[in-house]
Amino acid sequence: MAGRKKTVKNNSTSGEPLIPVEKKRKMLGIFMSVFSLLIFLSILSYSRFDQANLTYSFTDMFKVFTADPEFVQRAESTHNWLGLFGAYISSFFINSTIGYFALAFPVALFLWALTIFKDEAKRQPFFYTNFILVMALVLASFTGMLQYEFAMLTDFTEASGKVGAFFGTAIGRLFGGLGGIIFFVTVIALTIFLTFDVKLDSITALIADIFKGDEENKKERRERPERNVPADDQPVVNMPEEEEPATDFISDNDFITDDDFEEIEPDENDSPNVKIIQDIIAEELGTPEEQPKQDDEVTININLDDEPVEEEIEFTGDDDLPVENLNTDDLTGKIEFETDHIEEKEDDSKSRDVIVEEIDRSKEAKLPEQWEENLKYKLPDVTILNESSGITLNVSREELQLKASQLKEKLNQFNIDIVDISVQPGPVLTLYIIVPSPDVKISRIVGLQDDIAMALAAKGIRIIAPIPGKSAIGVEIPNKKPSLVSASMVIKRLLGEEAILPLAFGKTITGEDYHGDLADMPHLLIAGSTGSGKSVGINMFLTSLLYTKKPNEVKFAIIDPKKVELSFYKKLNKHYLAISPDIDEQIITTAQNALLLLKSVLVEMDDRYTKFAKVGARNIHEYNKKFDDGVLKQSEIHGVLHHKLPYIVLIIDELADLMMTSGKEVEEPIARLAQLARAVGIHMIVATQRPSVNVITGIIKANFPARIAYRVASKVDSRTIIDKNGAEQLLGRGDMLVVPGNSQHPIRVQNAFISTEEVERLTDFVYQQRGFSKPYYLPSVFEKQTDEQGSIKADLDPMFADAARVIVVHQQGSVSLLQRRLSLGYARAARIVDQLESCRIVGPSMGSKARDVLVDSEEELEEILRTL
């Protein structure tokens, strides 16, 4: 027993596989059928709304198990029937290939699946698959030619896709509009003739026989003697017997299916004009010995493989090439049968994001600038916002009388006589106007603020002593049931305002609409604690501008360190956003990118002042008026390109975050913009949670005369933002004090409320309309530094080379390092570091952290120093 070995029979060695070939074939056919159905449904349910939610990162497919709020929001707002998977698949096939004609890919894949599922032994490359794919490419290219030459379907870019637009543009440039139509009609006809083996000489002979027979009939009727024919009888014409003309096409009734392929045997007596379908396939693929195996690539018509496309057509060669530079030889299809095809591409997902950005930038360089295009744009309608029937005051006359009597009784307890009390109810607050007796000091009433609040059991009251323009004192007391001030209610009345940059704030305590003009402010500083309503207020200001200004009149440069509050507006990148070419994001979310954006806006400001000086304009209004009056035209004057300029509104949602990370680096461009940018049409809206002196510095505060204070934590914060107490007594939820730039008296306003859904509907309305060919780009900071490099070289410090070597050796861009190693003073070491930044040896300042060193080796540094 010990020497006996137990043997196990292996089915694989006995010639019987564990899984029969028939079952494998059916499994593959089922998998391909299901996959083709998913692709078909994805393309069919494509929505432009999903484009703003796509990040083109494959890792999104694995975020379904996370609770990331940004991802969850994007997933819930996906319109595609198949969710994020369908959004990414449809975006690729429609935008990156041949538009809606990409439906040919799942159809072709499904036909292959049926062929494989039917019979492995009889499987041939399906005959009509190549025809479907070729026709889809030709029709997409034809649509692209129509868009380029005749400006047709320009709002419907999904009709051609990138590949169709590329070939259509090339054919249009080569042959022109009429020549392009003739070319594509010819290609379509040839494709049909070659696919179905329809020969021109056969058709010509058929047409000639028809006309020949008709001529013979007429001749016979002329030679035949006339005879009377009864009216009910029809003349009989005896046609000469002729052989039927040979045809080389198959009628619909004689259509041959896959099952009939092997039953058709070529006969020696067959007419040479009739061609067997099997012979056609053999001619294209060669003899059985020459036919490719499963892993081989074959070229048929448009170089598509004879294997079914499982996921997508890949472009062989250099993946970094822009679409315009692709050759038709690069369209060789590569087919994958393995089910792990998707996993093989996972490693390339991060690099592909960068490639897409580079391709887009290279394409945009060839597109016209925004001022060269005439955009047909329709301003949004108020019906997009939630309807509102008006404000209903939730305060009764009995409540007003009760509080007035309680207020008078409390003041009498402190020997303060009241001559008269009047009431002005509002949506959230009620203003009680008190006229005290002449011998009462105002300071006595102000000192009783807390006692009055306790007597009325109010959440928080505010005393205005005295009311500007009146010999009375105001006491603002909250209503028990506040009323909602809707956005539509305020926007309706804003549309009739004549202002350059109108802003809708909300309702005053008397129920009146409160509007402002950002161009007169000229900058707006906002402060308030978390949850007080700052983000809603910023959304309301942006909504006001979207409702009153067209994309060619105003641009937004948005900095949102929170990453979610203003993310909806990235849909407007080709309508309203101003973007820095040095940054790879439309809505700025990082401190480093925010600093680059601020510097780009500074360069834009300097360029605009240069333009104004060339034509003798003092401000943007005079400059644009010269265009309207025909004095200036879009051209280059004195080496400067002139065009009508839009206003730029710079929005910073959280200044404190930038000041903590970058400090003085951020303060300097903000202060310069606040001092100088008004005349060139650049205005700022800056918000912060913490209105402390280290965030709102004296330089910044001095150049922001218009301010808004939401509820803050203390009186110190209130005095910092509006130079008065009172903001600490606000109610929150949009309750604010507005200090206009032309007055020092704050006005209490209830901010209008606009929901996230309303903002999304509004941005979707703008996104659905045709935008400019490319975004509005601000000047590049790096190009500006390169242009000024000649003047920088002449001012380099004598210790510049030694300092650069120390920085590169230690890989630490620090001023203190140069002070210690080279025995330099702080001012000189800091100046050298700035020069190193100008020469791209170190990166920008990051606050208290050391700068990044951009040069990796001493050899690279020496090469840079030789060029200086």
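To be clear, the structure that these remarks concern was listed above.
Residues numbered from 1 in each chain as written. Predicted model: local features only at pLDDT ≥ 70, side-chain atom pairs only at ≥ 80, totals over all residues. Heavy atoms only, no water.

(A) Inspection of the overall build of the protein at higher detail. A count of helical and extended segments in the protein gives 28 helices and 17 strands. Here the protein holds 868 residues, and the buried ones make up 47% of them. Across the protein, every contact between residues at least 6 apart in sequence was considered, and the portion connecting residues at least 24 apart equals 70%. When the accessible surface of the protein is totalled, it reaches about 45500 Å², and 53% of it is carbon and sulfur. (Helix = DSSP H or I, 4+ residues; strand = E, 2+ residues; numbered from the N terminus. Buried < 20%, exposed > 50% of the residue type's maximum accessible area, 1.4 Å probe, protein only. Contact = heavy atoms within 4.5 Å. Areas by Shrake-Rupley, 256 points an atom, 1.4 Å probe, with all protein chains shown as cover.)

(B) Inspection of the side chain of E837 at higher detail. The residue E837 is located in helix α27 (residues 826-838) in this model. We classify E837 as buried; its relative accessible area is 13%. A polar contact of 2.7 Å, which involves the side chain of E837, links it to the side chain of R851. (Polar contact = N/O pair within 3.5 Å; in protein donor to acceptor, adjacent residues only side chain to side chain.)

(C) Representation of the sheet that holds strand β16 (residues 747-751) within the structure. Read from one edge of the open sheet, nine strands run β6-β5-β16-β15-β14-β7-β13-β12-β8, paired in mixed fashion. Only two strands of the sheet have a single partner each, and these edge strands are β6 (513-517) and β8 (554-559). The sheet shows a mean angle of 30° between the axes of neighbouring strands, direction not considered. Inspection of the sheet shows strand β5 (residues 502-508) paired to β16 by three bridges, in the antiparallel sense. In the strand pairing of β16, G506 is matched with N751. (Pairing = 2+ DSSP bridges. Axes fitted to C-alpha atoms, helices over the stretch in contact; angles between N-to-C directions.)

(D) Quick look at the packing of aromatic side chains. For the structure shown, the criterion picks out 15 aromatic pairs. With a centroid separation of 5.4 Å and an interplanar angle of 80°, the aromatic rings of F183 and F184 are classed as edge-to-face. A relative accessible area of 4% means that F184 is categorised as buried. Ring geometry for Y623 versus F627: centroids 5.4 Å apart, planes at 65°, classification edge-to-face. With a gap of four residues between them, Y623 and F627 both fall in helix α17 (residues 620-628), about one helical turn apart. Residue F627 is classed as buried on the basis of its relative accessible area, which comes to 15%. An aromatic cluster is defined as three or more aromatic residues linked by ring pairs; in this entry it consists of F142, F175, F183 and F184. (Phe/Tyr/Trp six-rings, centres within 6.5 Å; stacked < 30°, edge-to-face > 60°.)

(E) Geometry of the side chain of S45. With respect to the helices and strands, S45 occurs in the loop between α1 (21-44) and α2 (69-76). If sequence neighbours within four positions are ignored, S45 has contacts with N80 and W81.

(F) Broad picture of helix α3 (residues 83-98). An ideal rise of 1.5 Å per residue puts 22 Å on 16 residues; α3 measures up with 22 Å between its terminal C-alpha atoms. Counting buried residues along α3, twelve of its 16 residues qualify, which places the element largely inside the surrounding structure. Buried within α3 are the following residues: L84, G86, A87, Y88, I89, S90, S91, F93, I94, N95, T97 and I98. Looking at the buried side of α3, the elements it contacts are α1, α2, α4 (104-118), α5 (129-150) and α6 (161-195). Residue G99 follows α3 closely and has a positive phi angle near 65°. (Expected span 1.5 Å × (residues − 1).)

(G) Expanded view of the nonpolar core. In terms of nonpolar packing, the biggest core is built from 106 residues, with F505, L524 and F556 touching the most fellow members. Examining the composition of this core, we find that eleven residues originate from one element, helix α16 (residues 591-615), more than from any other. If we ignore the near neighbours within four places in the chain, the residues touching F556 are L542, L545, L546, Y576, L577, A578, V649 and I651. (Core = buried A, V, L, I, M, F, W, Y, C linked by side-chain atoms within 4.5 Å.)

(H) Quick peek at the sheet that holds strand β2 (residues 429-436). Taken together, the four strands give an open sheet; going across it, the order is β1-β2-β4-β3, and neighbouring strands pair in antiparallel fashion. With one partner strand each, in any of the chains shown, β1 (418-425) and β3 (462-464) form the two edges of the open sheet. Direction aside, the axes of adjacent strands within the sheet are offset by 20° on average. Pairing analysis gives three bridges linking β3 to strand β4 (residues 473-478), with the strands arranged antiparallel. Across the sheet, I463 pairs through a bridge with V475, a residue of β4. Strands β1, β2 and β4 of the sheet are contacted by helix α11 (residues 397-413), whose axis makes an angle of about 40° with β2.

(I) Structural detail: the pattern of salt bridges. Under the definition given, this model contains 25 salt bridges. Among the salt bridges present, the one from D717 reaches R690, with a minimum N-O distance of 3.7 Å. Placement of D717 in helix α21 (residues 715-722) and of R690 in the loop between β13 (682-688) and α20 (698-702) is noted, with a sequence separation of 27 residues between them. Residue class for D717 comes out buried when judged on its relative accessible area of 6%. One salt bridge connects R831 with D797, and the closest N-O pair in it is separated by 3.9 Å. In this pair, R831 sits in helix α27 while D797 sits in the loop between α24 (789-794) and α25 (800-810), placing the two residues 34 residues apart along the sequence. On the accessibility criterion, R831 (42% relative accessible area) is partly exposed. If you follow the salt bridges from partner to partner, you end up with R462, E476, D735 and R748 in one network. (Salt bridge = Lys/Arg side-chain N within 4 Å of Asp/Glu carboxyl O.)

(J) Up close: the pairing of β13. For β13, the buried fraction is high: seven of the seven residues fall into the buried class. Residue alternation in β13 divides its side chains into two sets, I682, M684, V686 and T688 and H683, I685 and A687, and both sets are buried. Note: strand β7 (residues 524-527) against β13, four bridges, orientation parallel. By the bridge assignment for β13, I526 is matched with A687. Two elements, strand β12 (residues 647-652) and β13, share five bridges in a ladder whose sense is parallel. What sits directly across from L650, in β13, is M684.

(K) Representation of a nonpolar patch on the surface. Taken together, I30, V34, L38 and F117 make up a surface patch of nonpolar side chains, about 310 Å² in accessible area. Examining the composition of the nonpolar patch, we find that three residues originate from one element, α1, more than from any other. Assessed through its relative accessible area of 46%, V34 is described here as partly exposed. (Patch = residues over 30% accessible without salt bridge, like charges linked within 9 Å, V, L, I, M, F, W, Y side chains within 5 Å.)

(L) Looking closely at α11. With 17 residues, α11 extends 25 Å from end C-alpha to end C-alpha; this agrees with the ideal 24 Å at 1.5 Å per step. Buried residues of α11: E399, L400, K403, A404, L407, K410 and L411, and no others. Buried positions in α11, seen along its axis, are confined to an arc of 130° and lie on one side of it. Turned more than 90 degrees away from the buried face of α11, the exposed residues are R397, E398 and Q401. Looking at the buried side of α11, the elements it contacts are β1, β2, α13 (449-456) and β4. Count one or two residues on from α11 and you reach N415, which has phi positive near 60°. (Arc of directions from axis to C-beta.)

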